[in-house]
Amino acid sequence: MDKGEIPDNANEHCPGPQAETAGKSESCAGCPNQQACATGTASNGPDPAERMATVKHKILVLSCKGGVGKSTFSTQLSFALARTDHQVGLMDLDICGPSMPKMLGLEGHWLHHSNYGWIPVYVEQNLGVVSISFTHSESDDEPAIWRGPRKSGQIIQFLKEVYWGDHIDFLVVDTPPGTSDEHITIVNCLKDTGIDGAIIVTTPQEVAMADVRKGVNFCKKLGVNVLGVVENMSGLTQPLSDVKFMKLTTETGSSVDVTQDMISCIRENAPELLDGVFAWSQVFESSGGGAERMCEEMGVPFLGKIPLDPQLCRAAERGKSCFEGNKCSVSAPALKSIIEKVVASIKMKEDLSGGENKETP
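Position numbers for residues start from 1 in each chain and track the written sequence from start to end. Reporting of local features is limited, given that this is a predicted model, to residues whose pLDDT is at least 70; pairs of side-chain atoms are given and counted only at 80 or more, and all residues count toward the totals for whole chains, interfaces and linings. With hydrogens and water set aside, each side-chain value is computed from the structure's full complement of heavy atoms.

By the naming in an unreviewed UniProt entry, the protein chain is Cytosolic Fe-S cluster assembly factor NBP35, taken from Brassica carinata. UniProt positions are given in the numbering used here, feature names are shortened, and annotations may be inferred rather than shown by experiment. Database annotation for the protein chain, UniProt heading Subunit (unreviewed entry): "Homodimer and homotetramer. Predominantly homodimeric." Its UniProt record gives the protein chain a comment under Subcellular location (unreviewed entry), which states: "Cytoplasm".

So this is what it looks like as structure tokens:
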């Protein structure tokens with residue numbers, strides 16, 4: 001029996017999508033194609049370039065170091081683009097540690113099949129999301145123990161199978177930390193359809209700067225334009241009225257909350273400090289403007305700094321945009337300025353290249 005063409009992301013010892021045991025054998029367990037094979041609907045799908053032809057702009061978000069807030073930035077970038085009435089897609093390529101479902105309040109959702117392919121999960125009418133969590137049933141505590149080829153296969157399947165609609169303006173691709181299989185795969189698959197560039201997210205420490213240099217060189221070697229570097233968590237910044245004051249007992253290490261006493265004292269003696277005054281603290285050992293100097297040395301734009309804002313952290317935990325309401329008064333203006341620079345850079349490049357569509361924001 002002709003077993004048909006085996007998909008790129010199939011498990012080892014795949015019997016083939018047209019075999020009698022397709023989707024039912026032991027080797028099929030955990031394969032992303034298992035359901036499709038079992039129901040006889042498996043297909044290699046269209047070419048990635050064909051799918052991506054409907055995507056106008058593609059932005060990669062990179063970091064060579066984990067824990068720098070890359071996924072938070074990707075989420076807020078997507079929210080910002082969507083709120084300006086653009087059709088936006090957000091693709092979470094962190095196979096081993098997907099965080100988008102949590103950050104967008106989409107836990108428990110699944111991708112659904114249609115005649116066109118997989119349909120993204122929509123957090124807003126014009127913001128669709130794709131994540132590995134939407135295709136596999138493992139619990140949150142189960143690790144994804146995948147080798148490189150299977151990761152690459154899953155990414156290719158996302159590019160081939162996900163139907164974003166007839167047109168989307170921006171696809172934001174949130175990549176895992178590092179410069180490895182996933183990054184090489186996504187760049188190789190998208191380079192023929194055009195990648196507008198990559199945004200590299202870092203934190204202020206000197207050790208993070210070394211990783212940023214690797215990220216910039218990675219992009220240069222693969223021919224990806226660097227849209228710029230973002231310094232995240234650049235100092236803990238809070239309105240004075242949000243600060244909690246504690247009195248410590250040095251002998252025991254215990255503490256007493258004296259916030260109300262301090263606020264009452266300030267209100268009585270200097271009430272003007274409660275309005276528009278922020279408490280700032282350098283949480284990380286700073287490289288002393290190293291990110292800006294590094295960008296100048298390497299010939300890439302420095303997009304700006306985002307302060308460590310507890311309100312932004314809460315918004316991310318709740319799957320909300322930091323631009324809704326006025327709660328993220330510290331981080332929202334910084335993010336807005338950075339995103340405006342990114343969009344302006346994309347527009348300038350499109351205008352210079354004589355793009356067919358000049359309606360980029």
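The next point concerns unusual backbone geometry. We note that Asp85 has phi near 65 degrees; this positive angle belongs to a residue other than glycine. Strands here are runs of E lasting at least two residues and helices are runs of H or I lasting at least four, both read from the DSSP assignment and numbered beginning at the N terminus. Structurally, Asp85 is set in the loop between α3 (70-82) and β2 (88-92). Among the residues examined, Asp85 registers a relative accessible area of 69% and is labelled exposed. In this structure, Met233 is a non-glycine residue whose phi angle is positive, near 55 degrees. Between buried and exposed lies partly exposed: a residue is buried under 20% and exposed over 50% of the maximum accessible area for its type, with that area taken using a 1.4 Å probe on protein chains only. Accessibility expressed as a relative area gives 16% for Met233, which makes it buried.

Two strands pair under a simple rule: DSSP has to find at least two bridges between them. Read across the sheet, eight strands follow the order β5-β6-β2-β7-β1-β8-β9-β14 without closing on themselves; strand pairing throughout is mixed. Since the sheet does not close on itself, it has two edges, and those belong to β5 (121-124) and β14 (302-305), each with one partner. Within the sheet, the average angular offset between the axes of one strand and its neighbour, ignoring direction, is 20 degrees. What makes two residues a contact is simply this: any of their non-hydrogen atoms within 4.5 Å. The axes used here are C-alpha line fits, helices contributing only the stretch in contact, and every angle between their N-to-C directions lies in the interval 0 to 180 degrees. Contacts from helix α11 (residues 331-352) reach β1 (55-62), β7 (168-174), β8 (197-202), β9 (226-231) and β14, with the element oriented near 170 degrees to β14.

It is worth spelling out empty space enclosed by the protein at this point. Definitions used for this entry: grid spacing 1 Å over protein atoms alone; cavity, a set of points where a 1.4 Å probe fits but cannot get out; pocket, an open set with protein on both sides within 12 Å along at least 5 of 7 lines; lining residue, one with an atom within 4 Å of a point. Grid points are joined across faces, edges and corners, and a volume is the space filled by probe spheres set on the points. Tallied over the full model, the rule gives three cavities of 30 Å³ or more. The computed volume of the second largest cavity comes to approximately 70 Å³.

Whenever Lys or Arg places a side-chain nitrogen within 4 Å of a carboxyl oxygen from Asp or Glu, that contact is recorded as a salt bridge. Applying the stated rule across the entire model yields nine salt bridges. Residues Glu182 and Lys151 are paired through a salt bridge, measuring 3.4 Å at the closest nitrogen-oxygen approach. With Glu182 in helix α6 (residues 181-190) and Lys151 in helix α5 (residues 148-161), this pair connects stretches of sequence that are 31 residues apart. Residues Glu182 and Lys151 agree in their burial class; the two are buried. Of the charged contacts in the structure, one is a salt bridge between Glu297 and Arg213, with a shortest N-O distance of 3.0 Å. Here Arg213 lies in helix α7 (residues 206-222) and Glu297 lies in helix α9 (residues 290-298), a separation of 84 residues in the sequence. For Glu297, a relative accessible area of 57% translates into the label exposed.

Counting residues in hydrophobic clusters, the biggest one holds 74 residues, and the most contacted among them are Leu60, Phe73, Leu77, Trp164, Ile186 and Ile199. At seven residues, α11 tops the list of elements feeding residues into this core. For Trp164, the residues in contact, after removing those within four places along its chain, are Met52, Val55, Gly89, Leu90, Met91, Pro120, Tyr122, Gly128, Val129, Val130 and Leu171. Core analysis: the second largest hydrophobic core is formed by six residues, Val243, Phe245, Ile263 and Ile266 among them. The definition of a nonpolar core used throughout is a set of buried Ala, Val, Leu, Ile, Met, Phe, Trp, Tyr and Cys residues joined through side-chain atoms within 4.5 Å.

Between 30 and 60 degrees the pair is tilted, below 30 it is stacked and above 60 it is edge-to-face, where a pair is any two Phe, Tyr or Trp rings, Trp via its six-membered ring, whose centres lie within 6.5 Å. For the structure shown, the criterion picks out two aromatic pairs. Ring centres of Trp118 and Phe158 lie 6.0 Å apart, and the angle between their planes is 65 degrees; on these two criteria the pair is classed as edge-to-face. On the criterion of sequence distance, the pair formed by Trp118 in strand β4 (residues 117-119) and Phe158 in helix α5 is long-range, its members being 40 residues apart. Residue classification places Phe158 among the buried residues on the basis of a relative accessible area of 0%.

What follows is about α9. Regarding α9, the residues found buried are Gly290, Ala291, Met294, Cys295 and Met298. Buried residues along α9 cover an arc of 135 degrees about the axis, so they all sit on one side. When the buried face of α9 is taken as reference, the exposed residues oriented beyond 90 degrees from it are Glu296 and Glu297. Buried residues along α9 sit against α7, β9 and β14. Directly beyond the C-terminal end of α9, a positive phi value near 70 degrees is found at Gly299. An arc is given here, and it is the one of the directions from the helix axis to the C-beta atoms.

The next thing to look at is the pairing of β9. Among the six residues that make up β9, six are buried, leaving the element largely enclosed by the rest of the structure. Call a crossover right-handed when, viewed with both strands pointing away from you, the route from the first strand across the helix to the second goes clockwise. In the classification by handedness, the crossover that spans β8, the intervening α7 and the parallel β9 is right-handed. Sheet analysis places β9 next to β14, joined by three bridges and oriented parallel. For Val230, the partnering residue across the bridge sits in β14 and is Gly304.

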